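These are the residues of each chain, in order.
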Amino acid sequence: MDADVVVIGTGPGGESLANKAAQAGLKVVAIEKHLVGGECPYYGCIPSKMMLRAADALAEAHRAGQLAGDVTITPSWAPVAKRIAEEATDHWNDEAAVRRLQDSGATVLRGTGRLDGSRHVVVTPSDGSAEIEIDARIGVVLNPGTRPAAPPIAGLEGTPYWTNREALQTTEVPAELIVIGGGPIGCELTQVFARFGSRVTLVQHGPRLLPGDEPDASALLEKVLVEEGVRVLTGAEPAEVQYAEGRFTLRLGDGQRLEADRLLVAAGRIPNLDSLGLESVGLDPRRIEVDERMRAGGADSGLWIIGDVTGHGAFTHVSMYQSDIALRDVQGTDGAPAYYHAVPHTTFTDPEVGGVGLTEEAARKQGLNVRVGQADLGASSRGFTHGPGAAGFIKVVEADGVLVGATAVGPAGGEILAALTLAVHARVPVETLRTMIYAYPTFHRTIESALQDLDG
Ligand SMILES: Cc1cc2nc3c(=O)[nH]c(=O)nc-3n(C[C@H](O)[C@H](O)[C@H](O)COP(=O)(O)OP(=O)(O)OC[C@H]3O[C@@H](n4cnc5c(N)ncnc54)[C@H](O)[C@@H]3O)c2cc1C
């Protein structure tokens, strides 16, 4: 076969690029070994946010007792599983996404793709048929994503432990659950299952949850989870896993033994770069470098890499952002290169933890002349009227008169983040932010208080 562009792996960025390139008239071949759309719609963002929405509804029903009278609620997982299967994932079926690509004019090949020299791809079809070779006139875009890491814990391999994939397909809530990993995925799923009645123990290797966020965010989230009945063990070293008669036993380094009927491992992700044939174009899969146009191996290599594997934040919005930049370069059109000084992220726990740019610690490590301001969101007028569930804060990190980072924790923390992301992205002077009018009584008005605190 020949093509203008070959896309290997159709995560959100690869799928979007293949669609747009085909719509623009390029001859596109998209290769996918599992589901077109990648992790986000089937095992990531979308189903997990449906779970969290349901868990939040339960929490709000409990809060109604303090606010609006008696509510009796009997949690049921059935509507959650049904929404995920029917509305989110079409029973983990990507036919609609494949059709969209084909309607755009792209050819979709189901199989595993790999590079075999410059602008040359070999596909091993999923149906066992003969390998297909494709020459790409313009080049190849890689969007292979990541897979869950299996930490080196004795006895873990071979047990029926859950990764995000099994957790997001479950049709029942485990009575007892151990979660290994206190990052965003581990924390979100911990809160979901705990709110649906599971007795959850969250085991975090490091000293705090959400290690990439501000320490105060970690502390508040831990406090909330503990109040909701989660056992949070930080600084814990998983040493050995045993599985027998439907029960997991996890022994920790300090000798503690935890038992549960399910074990969820959410301890990081591994880039799917190992079997892509990168060596055939002189690249080391353990150390790929991608420039500001998403090119790998030099300006004329005909190779672009996008998504989680580039190391600029494992988020759908980064994959999509990079996709448009790569597409412009593939088409040879001009446009802004990639900037990563204002990458936002949200952990959709309750409270939501939103962050953008640098944390205070990261900014200080860069040697910036930093000032920070922080204000209590729960103590704001909106927090006061909101009542239960309003805990949170806004923190701003300033250097040289502009915000270089910010954190918004609280109800709708990820929405409040939009204003802070704009400020960091556009390098709006703090003096300008201080002359802005913030609607009363909103949660985002706490930004004004945090900015005032910069002088404090
Ligand atoms: C539980 C969970 C919750 C998440 N929640 C959020 C969230 O709320 N917000 C957010 O922004 N992000 C979230 N993420 C992260 C998000 O899913 C990813 O950042 C997003 O999917 C982008 O990944 P990607 O583009 O790198 O590729 P992926 O989505 O990982 O897709 C890569 C695709 O490439 C295919 N592939 C790999 N190698 C080959 C090959 N050799 N040949 C053919 N096909 C191949 C794979 O089968 C896969 O379909 C979450 C992730 C998880 C696991």
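Residues numbered from 1 in each chain as written. Predicted model: local features only at pLDDT ≥ 70, side-chain atom pairs only at ≥ 80, totals over all residues. Heavy atoms only, no water.

### Observations concerning helix H8 (residues 215-227)
Line of reasoning, step 1. Between its first and last C-alpha atoms H8 spans 18 Å; for 13 residues at 1.5 Å apiece the expected length is 18 Å, and the two agree.
Line of reasoning, step 2. Of all the positions in H8, only Ala217, Ser218, Leu220, Leu221, Val224 and Leu225 are classed as buried.
Line of reasoning, step 3. Considering only its buried residues, H8 is in contact with helix H7 (184-195), strand E8 (199-203), strand E9 (231-233), strand E17 (352-357), strand E19 (393-399) and strand E20 (402-410).
Line of reasoning, step 4. Once H8 ends, the next one or two residues include glycine 229, with phi positive near 100°. (Helix = DSSP H or I, 4+ residues; strand = E, 2+ residues; numbered from the N terminus. Expected span 1.5 Å × (residues − 1). Buried < 20%, exposed > 50% of the residue type's maximum accessible area, 1.4 Å probe, protein only. Contact = heavy atoms within 4.5 Å.)

### Comments concerning the domain arrangement of the protein chain
Line of reasoning, step 1. According to the domain assignment, the protein chain contains domain 1 (2-37 + 94-147 + 270-331), domain 2 (164-268) and domain 3 (344-455).
Line of reasoning, step 2. Using C-alpha coordinates to define each centre, domain 1 is positioned 36 Å away from domain 3. (Domains from an automatic or database assignment.)

### Some details on the sheet that holds E17
Line of reasoning, step 1. Strands sit in the order E16-E17-E20-E19-E18 across an open sheet of five strands; the sheet is antiparallel. Looking at strand neighbours, the two that pair on one side only are strand E16 (344-347) and strand E18 (370-376), the edges of this open sheet. The mean inter-strand angle of the sheet, taken between neighbouring strand axes irrespective of direction, is 10°.
Line of reasoning, step 2. Here seven bridges tie E19 to E20, and the two strands are oriented antiparallel to one another. What sits directly across from lysine 395, in E20, is threonine 407.
Line of reasoning, step 3. The strands touched by helix H14 (residues 446-453) within the sheet are E18, E19 and E20, with E18 carrying the most contacts at an inclination of about 140°. (Pairing = 2+ DSSP bridges. Axes fitted to C-alpha atoms, helices over the stretch in contact; angles between N-to-C directions.)

### Thoughts on the side chain of asparagine 164
Line of reasoning, step 1. Along the chain, asparagine 164 falls in helix H6 (residues 164-169).
Line of reasoning, step 2. One polar contact links the side chain of asparagine 164 to the main-chain carbonyl oxygen of tyrosine 43, over a distance of 2.9 Å.
Line of reasoning, step 3. Beyond its immediate chain neighbours, meaning those up to four positions away, asparagine 164 contacts Glu39, Tyr43, Pro148, Leu264 and Arg269. (Polar contact = N/O pair within 3.5 Å; in protein donor to acceptor, adjacent residues only side chain to side chain.)

### Topic: the site of the ligand
Line of reasoning, step 1. Taken together, 38 residues form the shell around the ligand, and within it Glu32, Lys49, Asp308, Thr316 and Ser319 come nearest.
Line of reasoning, step 2. Take threonine 316: an N or O atom from its main chain is 2.9 Å from an oxygen atom of the ligand.
Line of reasoning, step 3. Histidine 317 places a side-chain nitrogen or oxygen 3.5 Å from an oxygen atom of the ligand.
Line of reasoning, step 4. Relative to its unbound accessible area of 1,000 Å², the ligand is 93% covered by the protein chains.
Line of reasoning, step 5. Only strand E2 (28-32), helix H2 (39-43), helix H3 (45-67), strand E3 (107-115), H6 and helix H9 (316-331) provide two or more residues apiece to the shell around the ligand.
Line of reasoning, step 6. For the shell around the ligand, a count of residues per class yields 14 nonpolar, 18 polar and six charged.
Line of reasoning, step 7. Both domain 1 (2-37 + 94-147 + 270-331) and domain 2 (164-268) contribute no fewer than three residues apiece to the shell around the ligand. (Near = heavy atom within 4 Å. Areas by Shrake-Rupley, 256 points an atom, 1.4 Å probe, with all protein chains shown as cover. Nonpolar A, V, L, I, M, F, W, Y, C, P; charged D, E, K, R; others polar.)

### Notes on the pairing of E3
Line of reasoning, step 1. In terms of strand pairing, E2 meets E3 through four bridges, oriented parallel. In the sheet register, alanine 30 faces E3, and the bridge partner there is valine 108.
Line of reasoning, step 2. Of the pairings in the sheet, the one linking E3 to strand E4 (residues 120-125) comprises five bridges and is antiparallel in character. Within E4, the residue paired with glycine 113 across the bridge is valine 123.
Line of reasoning, step 3. Counting the residues in the hairpin turn of E3 and E4 gives four residues, including glycine 117, whose phi is positive at 95°.

### Some details on the nonpolar core
The tendency in soluble globular proteins is for nonpolar side chains to be buried side by side.
Line of reasoning, step 1. Core analysis: the biggest nonpolar cluster contains 38 residues, and Met51, Trp77 and Phe193 have the highest contact counts within it.
Line of reasoning, step 2. When contributions to this core are tallied by element, the ones reaching two or more residues are H2, H3, helix H4 (78-88), H6, strand E7 (176-180), H7, E8 and H8.
Line of reasoning, step 3. Both of domain 2 (164-268) and domain 3 (344-455) provide at least three residues apiece to this core.
Line of reasoning, step 4. Contact partners of methionine 51, with chain neighbours within four places excluded, come to Trp77, Val80, Ile84, Ala167, Leu168, Leu189, Val192 and Phe193.
Line of reasoning, step 5. Val5, Ala106, Val108 and Ala326 belong to the second-largest nonpolar core, a separate cluster that totals 25 residues. (Core = buried A, V, L, I, M, F, W, Y, C linked by side-chain atoms within 4.5 Å.)

### Section: the state of the cysteines
Line of reasoning, step 1. Per the counting criterion, the structure on display carries zero disulfides.
Line of reasoning, step 2. Cysteine 45 provides the cysteine sulfur closest to cysteine 187, a residue in no disulfide bond, and the two sulfurs are 17 Å apart.
Line of reasoning, step 3. Exposure remark for cysteine 187: the relative accessible area of 0% places this residue in the buried category. (Disulfide = S-S within 2.5 Å.)

### What to know about the sheet that holds E7
Note: strands within a sheet are paired through backbone hydrogen bonds, in either parallel or antiparallel orientation.
Line of reasoning, step 1. Judged by pairing direction, the sheet is parallel, and its four strands sit side by side in the order E9-E8-E7-E13 without closing on themselves. Either end of the sheet is taken by a strand with one partner, and the two such strands are E9 and strand E13 (262-265). Within this sheet the neighbouring strands show an average axis-to-axis angle of 15°, counted without direction.
Line of reasoning, step 2. Across five bridges, E7 lies against E8 in parallel orientation. By the bridge assignment, isoleucine 180 is partnered in E8 with valine 203.
Line of reasoning, step 3. On top of the sheet, H7 reaches E7, E8 and E13; it is set at about 165° to E8, its chief contact.

### Description of the environment of aspartate 4
Line of reasoning, step 1. Topologically, aspartate 4 is positioned in strand E1 (residues 2-8).
Line of reasoning, step 2. Judged by its relative accessible area of 13%, aspartate 4 falls in the buried class.
Line of reasoning, step 3. Sequence-wise, aspartate 4 and arginine 137 are 133 residues apart; in three dimensions their C-alpha atoms are separated by 4.6 Å.
Line of reasoning, step 4. A distance of 2.7 Å separates a polar side-chain atom of aspartate 4 from the backbone nitrogen of lysine 27.

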